[in-house]
Structures are given as C-alpha cells and as structure tokens.
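Examining the three-dimensional arrangement
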Amino acid sequence: MRISILGPLEVEGDEGPVAVGGFRLRALLAVLALEAGRTVTAERLIDALWPDEPPANAANALQTLVKRLRGALRPYEVVESRPGGYALAVEPDDVDALRFRRTARNGEGLELWRGPALADLTSVPLLANAAAALEQERLAAVESRAEARLAAGAPVELTAEVAAHPLRERLAALAMRALAAEGRQAEALELFERTRRTLADELGVDPGPELRAAHLAVVSGEVRAQAPPVQVRQRGNIRAPRTSFIGREAELDQLAALLCQARVVTLVGPGGAGKTRLATEVALRSAEAAWMVELAPVSDPKEVIGTVLDALGLRDDRPPYRMPADGGDPVAQVAEAVAGRSALLVLDNCEHLVDAAAELAERLLTDCPDLRVLATSREPLNLAGEHLAPIPPLAPPPIGADPVQAEAYPSVRLLLDRATAARPGFAIDEGNVAALVALCRRLDGMPLAIELAAARLRTMTPQQLADRIDDRFKLLTGGSRTALPRQQTLRAVVEWSWDLLSAEERVLARRLGVFAGGATLEAVEAVCGGTADVLGALADKSLVQVSPEGRYSMLETIRAYALERLAEAGEAGEYRRRHAAYLLDLAERAVPELRTAAQTAWLERMAPERDDFAAALRWAIDERDAETALRLCGALNWYWWMCGYRRESTTWAVQVLDLVGDEPPPGLAAAYTSCTFAYGVSMIGTIANDRPAMLALSHRMDLLVERAEQEGPLHPMIKLSRVVMAAVAGRDEVAAELLEGYVQSDDPWLSSSALMIGGPGARTEENLEQAVAGFRKLGDRWGLTEALLGLAELRAARGAPTDDIIAEVWGMTSRWVGADEAISTLIRLAELRMRGGDLDGAGEDLARARAGVNEETAPYSLVVLGMGEAGYACLRGELERGLEIYRGLFDVLAQAPPVVQLIASLRTAYGRALARTGELDAAIEQHRLALGVLGQGNPDRPILSLVLAGFALAAQVAGDQERAAVLFGASSAIEPRDTSLDTSKGLETARAALGDEHFEECFAKGAAMSREEVYGMVGSTT
C-alpha cells in the first residue's frame, strides 16, 4: 500500500485506489503517514485531530476513528496499536513525502509532487505546519536541481515558481541566471528590480548577497558566474522548438531518472501523443552530447545508418545512402565518433523501420559503453535491457469543471496556448469552458489533435467546433505546412499507424471499433473472432491500450477511424449485431446472479461494460430490432436499479417502449413489463397526486404482470412494484393482499423483500430482522443493506443503539455502487449517527457523500444531500449556515423532476429550520406550501406525517405546548409516522411541559381528528 500526501491525500493499493472518506479520518491517516513505522502517541493524535476542543471522552473518540480507519484500509492491516499510541506499519518509502525527503537533498523526487502538500487537510494546524515544511523542502529541491542544470548548460524554467514565491531570493537569483543564459538579459534585470521592490515593500530589506551577485553577473555579461568554465555538452544537433512545452513535466523528470538507470529507453504511444516533442525536451535538458536522428522521412531500412551518419555530420555523399565500396563499416564510424564520452542518441519515429532501428541500436550500445539510446516508436524495439516509457494522453478535466479548474489541466493549457497563437485575445471563460473541456475529452487529450483543433479556433467558436467533433477527420486538417504530411491532418496521423499493420491486424482493429468502452480478451474473441497474439500485436503498436485489469480499448479518435474502415468493408451490420448479442447474453446471465452471493462479482463484471451496453441498445433501437432492444433493456434494468442508475434505466425504457408500442410482442411480456416497471417507477413521484393517472398505471402493471406470468418466471422486483403502485394509487387492500402473498412466497428473495417493505403488522423490527436473515442467507448485499438500514431506523426511533448496524452497512458500501445510490446510503448513515450523537461521524459520512458527487449525479440526489448537510449544520447550532444551504437548494430543485415527496420534504425541512430561528410566519408558510404540494387526494403518508410534525414544532417555538401536542397526535396517527430526531425531541419536550396525563389527552385529541379538521387547524390552503 502506498500513501501520497504531496497533493490531496491519496491511498493506492495493489488493486487500485483505496477510498478513505471523512475529513478527520483522512487527517488521522496523514498524521500517522508522516511518522510511518513510528509510534505516534494518543495525546499527540488527539491534539492534532481536535486542536480547539477535544471531545469529552477523547480516548474513546480516537479509538473509534482508528477502528474506522482500519475498516477503510482493509485488507491492509497496517494501523497498529502500540503502547501509548498507534503506528502506521508501512515502509517510509511507501509514503511519497518521506521518500521525497530522502532524495530531495540531491534535487530529486520532485516528480512525486501532484500539487500543494496535504492540500485538503491544511485546516489541521499540525498538518498545515507539516505542509509548510514540505513546501520549503520542495523549493530547496527545485533550487538544487536548477543550480545543477545551469551548471550543466541545460535550460531552466523558474518563472512560475518565482511568481508564486516572490520573496525567495535564491530562487530569484537562479531564475535571473537562467533567463540571462537564454539571452533574455532584459527580463532578468526586470526580475531583479521587481524582487528588490517586493523585498523593500514587504520586509523592508535590501537584496542579499546571492541576489546581488546574480545581478552583477547579468549586468557584466558574466552570465554563468557560478557555472563550470567548460560546458559539459560537447556537440549535438538538437534544435529548440519554437512553441512552448506544456504538460509533460512529470514525464520529463521520470524519463530523466529512467535514462540514468537504463541504456536504452523507448517512448511508446499512439500517433500524435507527443513522443517526438518529449524526446526533444529530454535531449535539450541532457548534460551530455545529444543527437536527434529523424527517421520519419526514411522509407528504406538500408538508409537508417546513413541517416544517423547525416545527423552526426559524418556523411559526405548524398541520399540515397550507399554502403562504402571499400567495405568500411558505417556503424563502426558512428561508434568511433561517440566513443569515450557520454552521449545520447535519439532515434525518432522507429515504428516503420523497427527491425533496422533495433539492429543499429544493439550494435551501437555494444560498441559504445557510454552511449544511451532514446527511441520513439509506436511499438517496442524488443532489445535486451530495453525499458519502455508509455506516453499517456494529456489529462483532460472532468465534465463540469469551471474555468479555473479546467485551466489547471495540461490538455486545456495546451489548447489555450495554441489557440492564443492562432487567435490573439482568446481566453477561457464561463461561456466557453464546457466546450473546451468537451474538446479535450473527445480528442483523448492527444497533443497533436488538440493543436489541430486550436488552429480551427481561428474561424470557429469552441462550441461550434465541439458540436462538430464527430466529424473530426474533416475538421482537423490545419496542421503546419512544414510538418511531415502525416502530421498535417488528424486522418493522416491515424492512417500512418494503420498502414503499418498487417492485413490480419487491420481486420481485427476495424472490428474492435464496435466496442465503445473496451473489451476483455474473451469478448474480443467472441465478437471479433480475434486471437490473443493479434490483439497483443495491436497493443504493441499502440493502436490498442491495455488496462492493468487486462481490458483492451481504443482511443476515441482511433475508434472513429476503425468504424470508418468497418463500414467500408461492409461488416458494420454483422459486427454490431454480434456485439449486441454478446452483451445481451451477458446481461441475461447476470439477472439471477444479482440476487445471490455472486452479486458483487457480477456487478463488478458488468460495470466496465456500461458504455457498450448503451452502444448495443442504441444500435438495436436504431435498427428497430424490437426483440434485442426489449430483452437487453429488460435485463439491464436490474443492474441499473441496484447501482442507482435510475435515470439511465428510465431513459432507455422510454425509447424501447416507444419502439415496441402499446402491447408486448409474443414471448416478450416479461421484458416488456420490466421496461414498463422502469418507466412506471420513475413516474410515481410526479403523478402521485393524480389519482386517475396512478390508478391507470397500477391497473396497467397488474395486467402486464399477469400476462408475463403466463409466459414464464418473472423477476420478483416487478411483482413488488405492483404493491408500491397499488399503495400510491390508494388501493390499500390490494397492496396488503399482494404483500401478504409475497411474504409466503417460495422465492426467498421475494419473501425477504416483502418483509422489508412491510409484511404482516406492517414495517416492524421483527419483519426487518427476518428480512435481514433472508438476505444474509442469500448473500445479497444490496437487499441486506436496505434491510439493515430500515432496521436501524426503527431501532433509532425508540432510542436503541445502532452502532453495529452502522458499521456493517458502512463496510458494504461498494465501489460498484453508483454515485446516487452511495449518496443515499451515506445520508441515511449520517442521520443514524446524528440520532446516536456521533456528530463527527455524521459529518464525515456527509463529506464522503459530497466527495462522491460527479457529473452523473442526479439533481434529486443533490437536493437530498443538501438537505442532509443543512440538517447537520442546524443540529450543530449553525442555523444561518443551514438556512443558507436550504435556500440554495431551491435552484437545484428546479432542475430535478417534479417529485412531490422531494418538494414537500424540502419545504418542511426549511420550515423547521426557520422555526428554530424564531421566524414563525415564514416557517408556517413553508409547511403550508408543503401541504399544498402533497394535495388532498392521496398524499404521501410518511411526508404528510413529517409536515404535520413540522407544524407541531412551530407551535412549540411559539410557546403553545397544547397545540403542539395535538398536532403531534395528528402526525402520529398517520402510518408510517415521522420518527425524525427533532420530532422525537419535540414529543419529549411537550410531555415534560404538560405532564403525562394532559399530554396524552391533547395527543389523543389530535390522533382522532379527521384530515379536514387537521388541515383547518393548520390553516392549509389545500
């Protein structure tokens, strides 16, 4: 396990990132990580984690945090209890900050930094001090490295560092020398003057000796006063590019370190990834003689050695190269030229001459012990001792990034830099940021594609370009006229790689285009007929990427080209059909497994296929293949439902039902009913008050279920949906009868689910305990989570402890769960913790839920999360903060579907917060608005109980405990009744104020009131 704190805290396990949620939990891990392997006393940890006011039982609170940290880090048992404290049992080098400290004295380790140290934890004073110390060490390493590079005659760029640290004199002095070394004396002198003024204004001091010496060196022309008298670089042919180098700083440092360890390194990556530019920068910054051998224009393998001779200035003849007539050995001539000194030979663009390049490199490395070779290629040279350095795309920003966030990503910085050159004055802003982000993402973060797109911004707006990027091969054609033809257009870049493939490789590559999100080897074999060796060859040639999990995928640009070739070959229909058939088989095999102990494995198996499921559905609908569309959508509904992808489920179900029509085709009633279920459940919230519409939906589902059952087995969730729809439609007797029958079912999943919803005697602890036992026996984590949460809520309502349930549910929140489902679970856990008095734990759950928000998170979930955060703030006494959050949620609510339960819940929650601040008129108005939303016909009972209890709480604030008790009685008469924390406290307050006897009289009076009487009492406008 590795821990990174040189940036926001991150934990990396053997199988990928390890999520550690909650601010205080992350702070505990950071404190332990800074002392990796050593004991940190409990007193020090308590002082660090609660610097202002430790909790009453600080030792227990710390033990609880440690327990939760151990749970978060499982299966890694690295948090040890030791006498007097705790320790993180990892090697110091497993913590990037400690590894950096070990190497920083040599100016190394800077590639470990991902941003400001402990960026998300500096509100903890101890960690803020640690971050400040690390930053000073980072700056010292930056200065040491700059000094070494200046001494070696290598270029140094310190502009950004100087701007960020204007009072650091050594940094300014080195920056001045670096500028002067590049012939930019005026800028160096300007920097001195700016630093001098800043020192005088901020500190009231004059420049120190080092800064004055740098100034004198620049003024006198003795630019390299501190450099060795003889430059290390002896010769070379590396030409500095005329455009800025952006976004590869980490790769530069890693590559420099790799070249110190290995004598032959090959930069591999697809066309347009920036391999040549990166290799050029490495060579420019090398302290030794460096030559660039440009093999791109060479077509004959026999001319490779002549090209090397030409690069080294050793060739007298003219192309094409001819071997010496006297039998001389040209490789020996090269070896003699570079022998006896350190040298770097860059063999650029080897992919079309890979055998000749490999043979040459092997000879030279054997004959020249001090020579190192850096090759760029779309496939390895396959030499002994060769180290590969894959070049990733430039990181694109996430969807939804604002201008400041987006500009922090190198792909956007490159786009802006090149766009500014093409269109002076161009800048990123709120109006174009979404389009620029979309461009960088759709172009895979590939530098050449981004540069071609930037050239188009001369005549198009970012939005116009983003809207047309599907036609990328026609659009992106504006490359440099002096570039090689294959680098002037995006199509030429891809065609160059494509033309180097064998016939067998081209066939598999074009068929791979049908996979939208990548594929396993088994999927490729089943759909495309490919073999492992051909697929491996495509990966070696950078046409295909391979994930650590063994998943094969194409960059979007390469995939678009592959699909063109597939259509040209007349194979598009056949392989789209095979692709859909494979995914249909996978989805249908998963359905029964998703209700068993194999659930997690199947969900993890299906998660990477999400884009391909969508592509297969899109094809089936477009081709009007009703059977495939119905079966695939019907099967996927259960995966979508469990993962929380409810919007996705509804969107596809609507399209499939539009395709099929009003009646299910023969033999497909179950799949049709599954799609109707997805659509119907999504509609309940918006038509709950429309009694005729709800009745029609309920009767429609009854008929479909009966027809589907005649054809064969039916998913139990569809049967349960009949109960829900009947209950919402006011068919209580039908709902109860159905539920009772399902409780007695031979299907243990259906029986357990019916008990969880509300079996005999409605929703009781006994029923939920039976449901928990049933789901536990089945191994269904999804059902078990829901049943446990329901059981915990009932126990909490009567004041019983729920810590054991909270711990179990928290540990079952899996990474396959979608953001909306995870947010829902974490909010419910936070509410349970608040009831138990664990405010810190509740806050950490809410923080973890907020951290899980992404571009796919539904507005509905954002409103629910905001309500949880607002309620938490109010409970902590931060009423103004809570009210601010509530007010902001109404804008988010406008983006969500008009679900009456959500609208009424937000209104009444806001009303409760207003009442606590004494704004009674405003509070009551919110409760009345909530009642108006619920309507009179068949209002949602849990929410109605919640709203009426809100009126009771407002009466208490006004000092009328009798009225409050009556309204509490009216609220409690509605099942399931409101058991929220403030309602429970309000009941206790009213009973204490009135005495048991009088309270019971008032409470019974309210419970006996009719709905109309209650509405009249609260002054509802309904």
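Residues numbered from 1 in each chain as written. Predicted model: local features only at pLDDT ≥ 70, side-chain atom pairs only at ≥ 80, totals over all residues. Heavy atoms only, no water.

**Topic: the overall build of the protein chain**
- Of the regular secondary structure elements, the protein chain holds 49 helices and 13 strands.
- Against the globule reference of 31 Å for 1022 residues, the protein chain gives a C-alpha radius of gyration of 34 Å, in line with a compact fold.
- Projected onto its principal axes, the C-alpha coordinates of the protein chain cover approximately 115 × 80 × 60 Å.
- With 1022 residues in all, the protein chain has 52% of them scored as buried.
- Of the contacts formed within the protein chain by residues at least 6 apart in sequence, a portion of 67% connects residues at least 24 apart.
- About 44,800 Å² of surface is accessible on the protein chain, with carbon and sulfur atoms providing 51% of the total. (Helix = DSSP H or I, 4+ residues; strand = E, 2+ residues; numbered from the N terminus. Rg over C-alpha atoms; globule rule 2.2 N^0.38 Å. Buried < 20%, exposed > 50% of the residue type's maximum accessible area, 1.4 Å probe, protein only. Contact = heavy atoms within 4.5 Å. Areas by Shrake-Rupley, 256 points an atom, 1.4 Å probe, with all protein chains shown as cover.)

**Some words on the pattern of salt bridges**
- Counted according to the given criterion, the structure contains 61 salt bridges.
- A salt bridge links R277 to E281, with the shortest nitrogen-to-oxygen separation between them at 3.5 Å. Linking R277 with E281, this pair stays in helix α11 (residues 275–285), spanning four residues, or about one helical turn. Each member of the pair, R277 as well as E281, carries the same accessibility label: buried. (Salt bridge = Lys/Arg side-chain N within 4 Å of Asp/Glu carboxyl O.)

**Quick word on the side chain of R912**
- As for its position among the elements, R912 is in helix α43 (residues 900–916).
- Ignoring anything within four residues of it in the chain, the contact list for R912 reads H927, L946, A949, G950, L953, D978, S980, D982 and T983.

**Looking at the nonpolar core**
- Among the nonpolar cores identified, the biggest contains 260 residues, and L62, L73, L374 and L512 are the most heavily contacted of them.
- It is helix α29 (residues 626–643) that contributes the most residues to this core, twelve residues altogether.
- When residues no more than four places from it in sequence are discounted, the contact partners of L374 are L255, L259, V265, L267, A279, V282, L344, L345, V346 and L347.
- In this structure, V304, L347, A356 and L383 belong to the second largest nonpolar core, which totals 35 residues. (Core = buried A, V, L, I, M, F, W, Y, C linked by side-chain atoms within 4.5 Å.)

**A few points about α29**
- For α29, which comprises 18 residues, the first-to-last C-alpha distance of 25 Å matches the rise-based estimate of 26 Å (1.5 Å per residue) to within 8%.
- The axis of α29 is deflected most strongly, by about 30°, at N637.
- The buried count for α29 comes to 15 of 18 residues, which makes it a mostly enclosed element. (Expected span 1.5 Å × (residues − 1). Bend = angle between axes of the 7 residues up to and from the residue.)

**Describing the pairing of strand β5 (residues 79–82)**
- Summarising the sheet, β5 and strand β6 (residues 85–88) pair through four bridges and their orientation is antiparallel. Bridging across to β6, R82 finds its partner in G85.
- Counted along the chain from β5 to the antiparallel partner β6, the turn is two residues long, and its residue G84 has a positive phi close to 85°. (Pairing = 2+ DSSP bridges.)

**Digging into the environment of R74**
- Structurally, the position occupied by R74 is in the loop between α3 (58–73) and β5.
- Through-space distance from the C-alpha of R74 to that of G13 is 9.8 Å; in sequence the pair is 61 residues apart.

**Description of the packing of aromatic side chains**
- Enumeration according to the criterion identifies ten aromatic pairs in this entry.
- Judged by centre distance (5.2 Å) and plane angle (65°), the ring pair of W498 and Y561 falls under edge-to-face. A residue pair is termed long-range when its members are at least 10 positions apart, and W498 in helix α21 (residues 490–499) and Y561 in helix α25 (residues 556–568) qualify at 63 residues. For the pair shown, W498 and Y561 are each scored as buried. (Phe/Tyr/Trp six-rings, centres within 6.5 Å; stacked < 30°, edge-to-face > 60°.)

**Some details on the packing of helix α39 (residues 819–835) against helix α40 (residues 839–851)**
- Packing of α39 against α40 leaves a shortest axis separation of 8 Å and a crossing angle of 170°. It follows from the interaxial angle that α39 and α40 lie roughly antiparallel. In this structure, α39 uses I823, L826, I827, L829, A830, R833 and M834 to contact α40, whose residues at the interface are L839, G841, A842, D845, L846, R848 and A849. (Axes fitted to C-alpha atoms, helices over the stretch in contact; angles between N-to-C directions. Parallel < 35°, antiparallel > 145°, perpendicular 65-115°, else oblique.)

**Quick word on the packing of helix α46 (residues 961–972) against helix α48 (residues 996–1008)**
- Two elements in contact, α46 and α48, have axes whose closest approach is 6 Å; the angle formed by their N-to-C orientations is 50°. Taken together, the axis directions place α46 and α48 in an arrangement best described as oblique. As for the relative orientation of α46 and α48, their crossing is right-handed in sense. Mapping the contact onto sequence places E962, A965, V966, F968, G969, A970 and S972 in α46 and H998, F999, C1002, F1003, K1005, G1006 and A1007 in α48.
- Considered class by class, the residues forming the contact of α46 with α48 number eight nonpolar, four polar and two charged. (Left-handed = near helix turned anticlockwise from the far one by under 90°. Nonpolar A, V, L, I, M, F, W, Y, C, P; charged D, E, K, R; others polar.)

**Considering the sheet that holds strand β11 (residues 386–390)**
- Spatially, β8-β9-β10-β7-β11 is the arrangement adopted by the five strands of the open sheet, whose pairing is parallel. Of all strands in the sheet, those with a lone pairing partner are β8 (289–294) and β11, marking the two edges. Neighbouring strand axes in the sheet, compared pairwise and without regard to direction, differ in orientation by 20° on average.
- Here β8 runs beside strand β9 (residues 343–348); their pairing, made up of six bridges, is parallel. Its bridge partner being in β9, A290 is matched across the sheet by L344.
- Here α11 sits on the sheet in contact with β7 (264–268), β8, β9 and β10 (371–377), set at roughly 160° to β10.

**With respect to the sheet that holds β5**
- Read across the open sheet, the three strands follow the order β4-β6-β5; overall the sheet is antiparallel. With one partner strand each, in any of the chains shown, β4 (40–41) and β5 form the two edges of the open sheet.
- Across two bridges, β4 lies against β6 in antiparallel orientation. Looking across to β6, one finds that T41 is bridged to G85.
- Sheet contacts for helix α1 (residues 23–34): β4, β5 and β6; angle to β6, the most-contacted strand, approximately 75°.
- Running over the sheet, α3 touches β5 and β6 and is turned about 145° from β5.

**Notes on the confidence of the model for the protein chain**
- Per-residue confidence for the protein chain gives a mean pLDDT of 86, with 94% of residues at or over 70.
- Across residues 224–234 the pLDDT falls below 50, and counting only partners more than four positions away or on other chains, this stretch makes 22 contacts in the model. (pLDDT = per-residue confidence, 0-100.)

**Topic: the side chain of R68**
- Mapping R68 onto the fold places it in helix α3.
- With near-sequence residues (within four places) excluded, R68 lies in contact with L25, W810, G841 and E844.

**Considering a nonpolar patch on the surface**
- A cluster of nonpolar side chains, L167, L203 and V205, forms an exposed patch at the surface whose accessible area comes to about 230 Å².
- Along the chain, V205 falls in the loop between α8 (185–202) and α9 (209–220).
- Given a relative accessible area of 35%, V205 falls into the partly exposed group. (Patch = residues over 30% accessible without salt bridge, like charges linked within 9 Å, V, L, I, M, F, W, Y side chains within 5 Å.)

**Re unusual backbone geometry**
- Following R74, the chain continues to P75 via a peptide bond in cis, the omega torsion being 10°.
- Relative to the helices and strands, P75 resides in the loop between α3 and β5.
- For the bond from E975 to P976, the omega torsion is -5°, close enough to zero to count as cis.
- Here P976 lies in the loop between α46 and α47 (981–994).
- Unusually for a residue other than glycine, N349 sits at a positive phi of about 65°.
- By secondary structure assignment, the location of N349 is in the loop between β9 and α14 (354–367).
- For N349, a relative accessible area of 7% translates into the label buried.

**A short note on helix α36 (residues 765–778)**
- For α36, built from 14 residues, the straight-helix expectation of 20 Å at 1.5 Å per residue is met to within 8% by its first-to-last C-alpha distance of 20 Å.
- Burial in α36 covers these residues: E765, N767, L768, A771, V772, G774 and F775.

**Notes on the environment of D329**
- Within the secondary structure, D329 sits in the loop between α12 (304–311) and α13 (330–338).
- A polar contact of 3.0 Å, which involves the side chain of D329, links it to the backbone nitrogen of V331. (Polar contact = N/O pair within 3.5 Å; in protein donor to acceptor, adjacent residues only side chain to side chain.)

**Structural notes on the state of the cysteines**
- Counted according to the given criterion, the structure contains zero disulfides.
- Here C675 is not disulfide-linked; the sulfur of C633 is the nearest cysteine sulfur, at 3.6 Å.
- Accessibility expressed as a relative area gives 0% for C675, which makes it buried. (Disulfide = S-S within 2.5 Å.)

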